[in-house]
Amino acid sequence: MSMPFYVSPEQIIKDKADYARKGIARGRSVIVEEYDQGIVFVAENPSRALHKISEIYDRIAFAAVGKYNEFENLRVAGVRLADMRGYSYDRRDVSGRSLANAYAQTLGTIFTETPKPYEVEIVVAEVGQTSEDDQLYRLTFDGSVADEHGYVAMGGSAEAITLALSTEWREGMTLVEALRLAVDLLGKHGGEGERQLGPGELEVALLERSRPRRTFSRISRARLAELLG
Amino acid sequence: MSFEHRALQVAFTAPRSSSFAEFLATAAPAALPSTRMNPDQALQAPHGTTIVALRGDFGAVMAGDRRATMGNVIAQRDIEKVFAADDHSLIGIAGTAGIAVELVRLFQVELEHYEKIEGVSLSLDGKANRLASLLRGNLGLAMQGLSVVPLFAGYDVDRQRGRIFSYDVTGGRYEEHDFYAVGSGSFFARGSLKKLYRPDADADHAIDTALEALYDAADDDSATAGPDMARRIFPIVGIATGEGVRMLDTDEVEARVAPLVARRMTRPNGPYAGMPEGGSGS
C-alpha cells in the first residue's frame with residue numbers, strides 16, 4: 001500500500017495563496033478614490049460589456065479584479081443579497097458593512113474548503129450622507145477584510161499605485177482632479193512602460209453623494225473625454 | 001425569513017437568473033405573496049379604487065384617487081396607488097390594497113434587479129410581461145376575493161411613444177390604444193376619457209384630462225374620492241416621458257385641481273365635448 005505524501009497545512013495555504021496572488025497580478029488595475037462629492041471608480045478595461053465596476057444597491061457599488069467568472073458570481077450574489085434585504089426590511093437597512101461581511105465569509109470558505117481558491121480581489125464601497133460616513137472595504141481571495149480610508153488600488157500594479165496614492169491623494173479632491181490622478185497612475189504603472197490611457201480603455205463610474213435614491217452612475221466615454229480634457 | 005447565513009448561501013451563488021421573483025421563490029419562498037395560505041373564505045380588506053392612464057407621443061400620464069374602502073367604510077383617505085415602477089414606467093393598482101402595494105414593491109425590485117444584473121433595462125414589453133407573470137401568481141388569492149388589478153404605462157424608448165397595458169386577475173395582458181381606467185370608478189372615468197381624450201394632446205393637456213376623468217369617477221362612484229380641498233388631499237399624478245418618470249408634487253396638482261373644481265362650480269358635469277355640427281362645443 002502506498003502512503004500519500006504528507007503536505008503540511010502551512011504549505012497548502014501558502015501554495016493556494018501564491019496561486020491566487022499570481023492570478024490577480026496578471027490582471028489590469030482598478031482604483032477607487034473618495035472625492036468631494038462621493039466615490040469614483042476607475043478601471044483599465046477596454047471591454048464595454050464585461051464590467052469590473054457595478055452597482056449593488058442605492059449607495060453601494062462593487063469593483064473587482066481577477067478572474068471574471070469568479071467575481072461576476074460574487075457580484076450577482078451581492079445584488080441578490082442586497083435586493084432581498086431591502087425587500088424584506090427597508091432600503092435603508094442595506095449596508096456595505098453587512099455585504100462586506102457576507103463576501104468575507106464566502107471567500108474565506110472557498111479559500112479553505114475548495115482546492116482552487118478564487119483569484120479575485122474586490123472592493124465594496126458605500127457612499128455616506130457626509131464624507132466621514134463613506135466606507136471602503138477591500139476583500140482579498142482568502143476572505144480577509146480591510147477597512148480602507150480615502151483610496152484603494154487593486155490588481156497587477158496595486159502596490160506601486162497605492163504607494164503613489166499615499167502621497168498624491170488628498171481629501172476633498174474634485175472629481176476631475178481625482179479622475180486625472182487615477183488615469184495618470186494607471187497609465188504610469190500599467191506594466192509596459194508609461195502610457196497615456198484614453199477614454200476607450202477606461203471604465204469609470206461614480207457613487208454621487210447628493211443624488212436621490214440610486215447614487216450609482218456610469219460615466220460615458222464621451223463624457224469621460226470631456227472630463228479628462 | 002432569516003438572514004442567518006454568514007456566508008452567501010448556495011441560492012445566492014446558484015447559476016443565475018435575472019429575475020428577483022424567481023430567486024425569491026428558491027431562496028425565501030415565504031416572502032412571495034403568491035405562496036401565502038389562502039383564507040377559507042373571503043376576507044374584508046381595504047380596497048383601492050380608480051386609476052386612469054392616457055398616452056400620447058410625449059409619453060404617458062397616470063393618475064389615481066386617494067381612497068381605500070372597506071365595505072361602506074372609508075378605510076384610508078390618502079392612500080397612494082400610483083407609483084414609479086422604474087425610470088420610464090408607472091404602475092397603478094386597484095383592488096385589495098395590502099396585496100397590491102406588495103405586488104408593486106416586488107415589481108419595482110424585479111425591474112431594478114434585472115437592470116443591475118444584466119446591465120440594461122428590460123424593454124417596455126418585457127416589463128409588461130413580467131408584471132403579468134407576477135399577477136398570475138396571485139390567482140389563488142384572487143379566487144378568494146383578494147384580487148389585484150394593475151394598470152401599467154410607460155415611455156417606450158425604442159418606439160419613442162407612450163404605451164398602456166391593462167391586466168385581468170388571471171394575468172391576462174392587453175395593450176390599450178389611447179387611454180384606460182381600472183377600479184370601481186373606471187366605467188365613469190372611461191366615459192369621461194372617451195369624450196375628452198385627444199390623440200394629439202401634450203403632457204399638460206393629458207394631465208388635466210386625467211384629473212377631469214377622476215373627478216367624474218368620484219362624482220358617480222362612492223368608492224372613489226374627489227379632491228379633498230380642506231385637507232389638501234389630491235390625486236397622485238405621474239408622468240413618463242423620454243426624460244424619465246416624474247411624480248407631480250402636491251402644490252403642482254393643487255394648481256391644476258383648484259381651477260378644475262372652480263369650473264365645476266358653474267358646470268358640475270364638466271366640459272362639453274365638441275359636436276361636429278349643431279353641437280354646443282366647449
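Preceding this paragraph is the structure being described.
Within every chain, residues take consecutive numbers counted from 1 along the sequence as written. Going through the entries in the order they are written, you letter the chains from A and number the ligands from 1. Thresholds applied to this predicted model are a pLDDT of at least 70 for local features of residues and 80 or more for the giving and counting of side-chain atom pairs; totals over whole chains, interfaces and linings are not thresholded and use all residues. Calculation of side-chain values draws on the structure's entire complement of heavy atoms; hydrogens and water are dropped beforehand.

Asks: Please explain the sheet that holds strand 1 (residues 30–35) of chain A as it appears in this structure.
Replies: Picture the strands of a sheet paired through backbone hydrogen bonds; they go either parallel or antiparallel. Residue and element names in this part refer to chain A. As summarised here, the arrangement of the five strands in space is 8-1-2-9-10, forming an open sheet in which the pairing is antiparallel. Sheet topology places strand 8 (151–154) and strand 10 (216–219) at the edges, where each strand pairs with a single neighbour. Going across the sheet, the axis of each strand differs from the next one's by a mean of 15°, ignoring polarity. Throughout, a contact is declared for two residues whenever any of their heavy atoms are within 4.5 Å. Note on method: axes are straight lines fitted to C-alpha atoms, helices fitted across the in-contact stretch only, with angles between N-to-C directions ranging 0 to 180 degrees. Each helix is a run of DSSP H or I of at least 4 residues and each strand a run of E of at least 2, with the numbering of both proceeding from the N terminus. Where helix 4 (residues 158–168) meets the sheet, its contacts fall on strand 1 and strand 8, and the angle it forms with strand 8 comes to roughly 160°. Each of strand 1, strand 2 (38–44) and strand 9 (202–208) is contacted by helix 5 (residues 175–188), which is oriented at about 160° to strand 1, the strand it contacts most. When DSSP locates at least two bridges between a pair of strands, those strands are taken to pair.

Asks: Even after reading the chapter, I still don't get the pattern of salt bridges, so can you show me in this structure?
Replies: Think of it this way: side chains of opposite charge can pair up when their charged atoms draw near. Residue and element names in this part refer to chain A. Take a side-chain nitrogen of Lys or Arg and a carboxyl oxygen of Asp or Glu: if they are within 4 Å of each other, that pair is a salt bridge. For the coordinates displayed, the defined rule picks out 43 salt bridges over all chains. Across the pair Glu 148 and Arg 138 runs a salt bridge, and its minimum N-O distance is 3.7 Å. Of the two residues, Glu 148 is situated in strand 7 (residues 145–148) and Arg 138 in strand 6 (residues 135–139); the sequence distance between them amounts to ten residues. Burial status follows relative accessibility: with a 1.4 Å probe on protein chains alone, a residue under 20% of its type maximum counts as buried, one over 50% as exposed, and anything between as partly exposed. Residue class for Glu 148 comes out partly exposed when judged on its relative accessible area of 24%. Owing to a relative accessible area of 17%, Arg 138 belongs among the buried residues under this scheme.

Asks: Is there a simple way to explain the sheet that holds strand 6 of chain A in this structure?
Replies: All names here are of chain A. Read across the sheet, five strands follow the order 3-4-5-6-7 without closing on themselves; strand pairing throughout is antiparallel. The strands lining the two open edges of the sheet, one partner per strand, are strand 3 (53–57) and strand 7. Each strand of the sheet is rotated relative to its neighbour by a mean of 25°, with strand direction disregarded. This element, helix 2 (residues 68–88), spans strand 3, strand 4 (60–66) and strand 5 (120–126) of the sheet and lies at about 20° to strand 3.

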